[in-house]
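# Understanding the architecture of this molecule
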Amino acid sequence: MQLSLQGKTYVVMGVANKRSIAWGIARALHAAGARLIFTYAGERFENEVKKLVATLEDDTALVLPCDVTKDEEIASCFAQIKEQVGVIHGLAHCIAFANKEHLEGEYMNVDREGFLLAHNISAYSLTAVAKAAKELMTEGGSIVTLTYLGGERVVQNYNVMGVAKASLEASVKYLANDLGKYGIRVNAISAGPIRTLSAKGVGDFNSILKEIEERAPLRRTTTQEEVGDTALFLFSDLSRGVTGEIIHVDSGYHILA
Ligand code: NDP
Ligand code: KAL
């Protein structure tokens, strides 16, 4: 079945390249006829994002800078969206960052600065952008963020990012409670491991993927398309009774002991 999101507008934050989960979500939304607004962090990926967006052949698509560590950039990004589009119906938050040296060895070696950086970009940013997006979601809306099993359980090397994801998941619930009265739903997708730029440089990523193929109930790894399709459900009216939820799209791996 093909869902239609014709006439609706969605903000997609966190496309770095074609492997990004955000790009999987964007493609699903585009196929459903939605209008898209993309945001990127640094100039580093501006051209890459613009090149990718051009492949959609949709001249209504907008591409705007939004480094989520900067309040003024969030404000000006959403002011531009308001001016150029008016109303939005959803937002995909696909953003996370921690210093590489804090993603190996023992968790407790993280310093204050690294802890705050990971939480600032990976957790607080959802609250900051939800608050800005709310003003444009005058017809109700749906906010979707991305999390990982390492926020619920100890996963080797995930470390400070796991602690930040726990904060992100709690934020989903508190935001869902705040925003429900405005007809805005807030949910997270807990995705299984996918080879993206963020996952690059992770020493044993191959063995992590192999374990999923061997042990996950569905015996295969997660794809960007699977996450994109669940996001589409969360953005559509089919999920109108769902908020404050963490949906695992991970071949069922999270049920295993
Ligand atoms: P990508 O590397 O493709 O995307 C990460 C994105 O985070 C980049 O687009 C990057 O933007 C953005 N980002 C980092 N810092 C900032 C900032 N200050 N302001 C705005 N954006 C910023 O990786 P993924 O697609 O894998 O990651 C997307 C989300 O999915 C993350 O939340 C991640 O934790 C989550 N996830 C990933 C899994 C996986 O296995 N890949 C599994 C489960 C969850 P820029 O490139 O412009 O710097
Ligand atoms: C247990 C897993 C193995 C990997 C351990 C930690 C992964 C953490 C994810 C985090 C988002 C990665 C980074 O912040 C990388 C960053 O330090 C360096 N990379 C960059 O700067 C690139 C260029 C940009 C685009 O990246 C970002 N993020 O801006 C977890 C695996 C199994 C699942 C994953 C990868 C989960 C996840 O959350 O991404």
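In the block above lies the structure referred to throughout.
Residues numbered from 1 in each chain as written. Chains lettered and ligands numbered in written order. Predicted model: local features only at pLDDT ≥ 70, side-chain atom pairs only at ≥ 80, totals over all residues. Heavy atoms only, no water.

Moving on, we come to the environment of A128. Residue placement: A128 occurs in helix 4 (residues 112-134). Considered as a pair, A128 and D71 are 57 residues apart in the sequence and their alpha carbons are 8.0 Å apart. (Helix = DSSP H or I, 4+ residues; strand = E, 2+ residues; numbered from the N terminus.)

Across the eight residues that make up strand 6 (residues 184-191), a large majority, eight, are buried. Of the two faces of strand 6, the one lined by I184, V186, A188 and S190 and the one lined by R185, N187, I189 and A191 are each fully buried. The sheet contact formed by strand 5 (residues 141-147) and strand 6 spans seven bridges and is parallel. When the sheet's bridge partners are listed, V144 is paired in strand 6 with N187. One crossover worth recording links strand 5 to the parallel strand 6 by way of helix 5 (residues 159-179), and it is right-handed. (Buried < 20%, exposed > 50% of the residue type's maximum accessible area, 1.4 Å probe, protein only. Pairing = 2+ DSSP bridges. Right-handed = clockwise from strand over helix to strand, strands pointing away.)

Turning to the site of ligand 1, a few remarks are in order. The environment of ligand 1 is formed by 28 residues, the closest being S20, F45, I194, T196 and S198. The contact in question runs from an oxygen atom of ligand 1 to an N or O atom on the backbone of G14, over 2.9 Å. Here an oxygen atom of ligand 1 sits 2.9 Å away from a polar atom, N or O, in the side chain of K165. Coverage of ligand 1 by the protein amounts to 91% of the 880 Å² it exposes when considered alone. When grouped by side-chain class, the residues that make up the shell around ligand 1 number 17 nonpolar, eight polar and three charged. (Near = heavy atom within 4 Å. Polar contact = N/O pair within 3.5 Å; in protein donor to acceptor, adjacent residues only side chain to side chain. Areas by Shrake-Rupley, 256 points an atom, 1.4 Å probe, with all protein chains shown as cover. Nonpolar A, V, L, I, M, F, W, Y, C, P; charged D, E, K, R; others polar.)

On the surface, Y107, M108 and V163 cluster together to form a nonpolar patch covering roughly 290 Å² of accessible area. The topology assignment puts M108 in the loop between strand 4 (90-93) and helix 4. (Patch = residues over 30% accessible without salt bridge, like charges linked within 9 Å, V, L, I, M, F, W, Y side chains within 5 Å. Salt bridge = Lys/Arg side-chain N within 4 Å of Asp/Glu carboxyl O.)

The next subject is the nonpolar core. Of all hydrophobic cores here, the largest spans 37 residues; its most connected members are I25, L29, F38, V227 and F235. If you list the elements that add at least two residues to this core, you get strand 1 (9-13), helix 1 (21-31), strand 2 (35-40), helix 2 (46-54), strand 5, strand 6, helix 7 (224-235) and strand 7 (246-249). Formed by 34 residues, the second largest nonpolar core is a distinct cluster that contains L91, A123, V129 and L136. (Core = buried A, V, L, I, M, F, W, Y, C linked by side-chain atoms within 4.5 Å.)

This model, assessed by the stated rule, comprises seven salt bridges. With a shortest N-O distance of 2.3 Å, E226 and R220 are connected by a salt bridge. Since its relative accessible area comes to 24%, E226 is described here as partly exposed. By relative accessible area, which is 37% here, R220 ends up partly exposed.

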